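As a plain string of letters, each chain reads:
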Amino acid sequence: MLKRLLFSLVLFAFATTFASAQITSVGLIGTATPIGDFDTDVDMTQDPNDADVWTLSVTLTTGEAKFRADDDWGVNWGETSFPTGTGVQDGDNIPVAGGPYDITFNSATGEYTFTSTATQQFENIGIIGTATPIGDFMTDVDMTQDSAVPWVFTIEIALTADEVKFRADDLWTDNWGGDDFPAGVAVAGAGNIKVSAPGDYRVTFNTASLEYNFEPLIPIYNTIGLIGTATPGSDTVDTDLTQNPNDPSLWSANMTLTDGWAKFRAEDDWTVNWGADSFPTGTGSINGDNIPVVAGEYNVNFNSATGEYSFDPPINIFNSIGVIGTGTGLGLSGDIDMYQDPAQPDQWSVELKLVSGSIKFRADNDWTINWGDDGFPTGTGVQGGPDIPVFDGTWEIAFNATTGVYSLTPITIGIVGPASPSLSWDVDEDLEASDVEGNAWTITADILDGFVKFRKNDEWGTNWGDVTFPTGIGLQDGDNIPVVAGNYNITLNTATGDYAFNSTSSTANILSQNSVKVFPNPVSSTLNVHIQATELENNVTVRVLDTMGKVLQTQTHRQLETLTLNVSNYPTGVYYVQIYTDSHLVGKKITIAK
């Protein structure tokens, strides 16, 4: 037995020595390296006096790294300690704090050291500014130095939506700022860092790499939605709430609900969701009960930090919201109407071509209620506030009439497909946005026999298609549109999905949305369709379609009038109404709520 044990030990020692002798290179690999991935090594230099010792001088970023032999994962070393440790075969990734280093690694023992070569180290770093609890640029709040990594400083601190900087030794001699939030690389003497959202943060500053990070201690979500049988999207699609710009934990929206149940959830996923058994107020718990909802119009409020919620009477519901100002190109002569979200009647949006100038939002085509602010491309409009500065471009404009929050996001709409001018499903031919009509896009182009679709921002996340030609209602992820070769004036309304391919010799077009009014919306039983366009005097056809493009009912009329459609038998949900003649077309989106 003893002989076998001694033999095994000798064999192990021989195998280890042999493996070490076979190593021809050692590299550092990982997200912390200049290459920035786990695919390619940064080669180290072998010590001429000790074949097991490897060195490297390099500037790293905050991330992870490992050592490996011969550019292959067959032999690799890692461990969770930094800046020193002993790597083991297939060990964990080494957590690295960014900065310049002299690195030493022993391939026989696995021992490693990362020695900072930063030219200047500091013993005292503070965060200072109007966003700190002190609230000025006179007194620092000291950060804590990491004993193992002395060039890294941290603090947990409550910040407001204002400005901060880092500085050394309570003096302005060495100070750092930056343009990015919540993370970035600071620059000596640069401008203040703007904290865009108030909250409790763990702040980290690395004086070697100048990297900084503001990590929320309370999770901040990109989206919070209400989902369930009581909501417009039923139990399959979230109805998003709007985030409060001054407190990222507060969310709200006006919406029409039916009898049923609802829950709040984050990021359109069930991983994080809140519920309780009380209505109209309560405190939701993670994976809690479904909230029992009574049908009605509500202003829904939710706090993602505490779980508190309330379903209150709706506020600030207007018949119309418009964009007005020199930035529209129309001056103060009139509003360009926005589109109301049927599921959230305080949420309005429009896609529009703007010129450099200014705009405001106003209600019901009147200056009695109007909103403005000096922020671009985002801000919070206040009653009677200043004009909003805008610049040349095509923008997707969103506005919440309850919170005043607005945003302008660049947007493109293109036609794509083998029959399109690009002859490809990968390259879009951009349409031109109207400067007088919201969500109206046009292009004159030669089309081949084949298929096309429309899509947003050169991506498939939002796209429109249908099986009909030359007109139809494009649906999200709908079928490819079969087209016939020709030269066409092509029009698309992205709010309703209505499209038309009109021969350049034709007078056909998509009508202005203002030419037809549908009300009430949301509707429960009888929908009124009021036609105000002389182009629709004869042979008007009105169709109701579901979101799959199925025609549910059709009516034909021969004169201008207010038509009535019975929709009482249709389930709660989103539908489309299409009004057209042989040469004109207009579409409307409606919500049926029981």
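Here the structure is shown first, and the text comes after it.
Residues numbered from 1 in each chain as written. Predicted model: local features only at pLDDT ≥ 70, side-chain atom pairs only at ≥ 80, totals over all residues. Heavy atoms only, no water.

1. Re the sheet that holds strand β22 (residues 211-216)
Stated formally: Should DSSP find at least two bridges between two strands, the strands are taken to pair. Secondary structure counts use DSSP, requiring at least four H or I residues in a row for a helix and at least two E residues in a row for a strand, with both numbered from the N terminus.
In spatial order, the strands read β14-β15-β21-β22-β18; together these 5 strands make up an open sheet with antiparallel pairing. Strands with a single pairing partner mark the edges of an open sheet, and in this sheet they are β14 (144-145) and β18 (183-185).

2. Things to note about unusual backbone geometry
Leave glycine aside and you will find that most residues have negative phi; peptide bonds, for their part, are mostly trans. Of note, the amide linkage connecting F82 to P83 takes the cis form, showing an omega dihedral of 10°. Here P83 is to be found in the loop between β6 (76-78) and β7 (84-86). In this structure, P377 follows F376 across a cis peptide bond, with omega equal to 5°. Unlike most non-glycine residues, D90 shows phi in positive territory, near 60°.

3. Topic: the packing of aromatic side chains
Operational definition: Centres within 6.5 Å are what make two rings of Phe, Tyr or Trp a pair, Trp counting through its six-membered ring; a difference in plane orientation under 30 degrees is then read as stacked, over 60 as edge-to-face, and the rest as tilted. Think of it in three bands: with a 1.4 Å probe and only protein chains considered, a residue is buried below 20% of the maximum accessible area for its type, exposed above 50%, and partly exposed in between.
Tallying each qualifying case throughout the model produces 42 aromatic pairs. Measuring from centroid to centroid gives 4.3 Å for F67 and F105, while their planes differ by 10°, and the two rings are stacked. Residue F67 is located in strand β5 (residues 63-69), and its partner F105 is located in strand β10 (residues 99-106); the two are separated by 38 residues in the primary sequence. Accessibility expressed as a relative area gives 0% for F67, which makes it buried. Judged by its relative accessible area of 0%, F105 is buried. Both rings, one in F279 and one in Y298, keep their centres 5.7 Å apart while their planes meet at 85°; by these two values the pair is edge-to-face.

4. A short note on the pattern of salt bridges
Counted only if it meets this: When a carboxyl oxygen of Asp or Glu lies within 4 Å of a side-chain nitrogen of Lys or Arg, that pair is called a salt bridge.
Overall, the coordinates contain 9 salt bridges when judged by the stated rule. A salt bridge links R265 to D238; the nearest nitrogen and oxygen atoms lie 2.7 Å apart. Taken together, the residues span a long stretch of sequence, with R265 in strand β27 (residues 260-266) and D238 in the loop between β23 (224-227) and β24 (239-240) at a distance of 27 residues. In terms of burial, R265 and D238 fall into one category: buried. Across the pair D428 and R455 runs a salt bridge whose closest N-O atoms are separated by 2.7 Å. Here D428 is found in strand β46 (residues 424-430), whereas its partner R455 is found in strand β49 (residues 450-456), with 27 residues between them in sequence.

5. A few points about the sheet that holds strand β55 (residues 498-503)
Spatially, 5 strands are ordered β47-β48-β54-β55-β51 in an open sheet, and the strand pairing comes out antiparallel. Each of the sheet's edge strands pairs with one partner strand only, and the pair in question is β47 (432-433) and β51 (471-473). Here β51 runs beside β55; their pairing, made up of 3 bridges, is antiparallel. Within the sheet, the bridge partner assigned to G472 lies in β55 and is Y499.

6. Considering the nonpolar core
We apply this condition: We define the nonpolar core as a collection of buried residues of types Ala, Val, Leu, Ile, Met, Phe, Trp, Tyr and Cys that are connected through side-chain atoms lying within 4.5 Å of one another. Note on definitions: a residue-residue contact is assigned when non-hydrogen atoms from the two residues lie within 4.5 Å.
Within the largest apolar cluster, 28 residues are counted, with the highest numbers of intra-cluster contacts made by F67, F82, I103 and F114. Going through the elements one at a time, β1 (26-30), β4 (50-60), β5, β9 (94-96), β10 and β11 (111-116) are the ones with two or more residues in this core. Looking at this core, the element that brings in the most residues is β4, giving 4 residues. Look past the residues within four positions of F114 in its chain and what remains in contact with it is L28, L60, F67, F82, P83, I94, Y101, D102, I103 and W151. Among the nonpolar cores identified, the runner-up in size contains 23 residues, and I127, F153, L159 and F205 belong to it.

7. Some details on the side chain of T207
As for its position among the elements, T207 is in the loop between β21 (199-206) and β22. On the basis of relative accessibility, which here comes to 7%, the residue T207 falls in the buried class.

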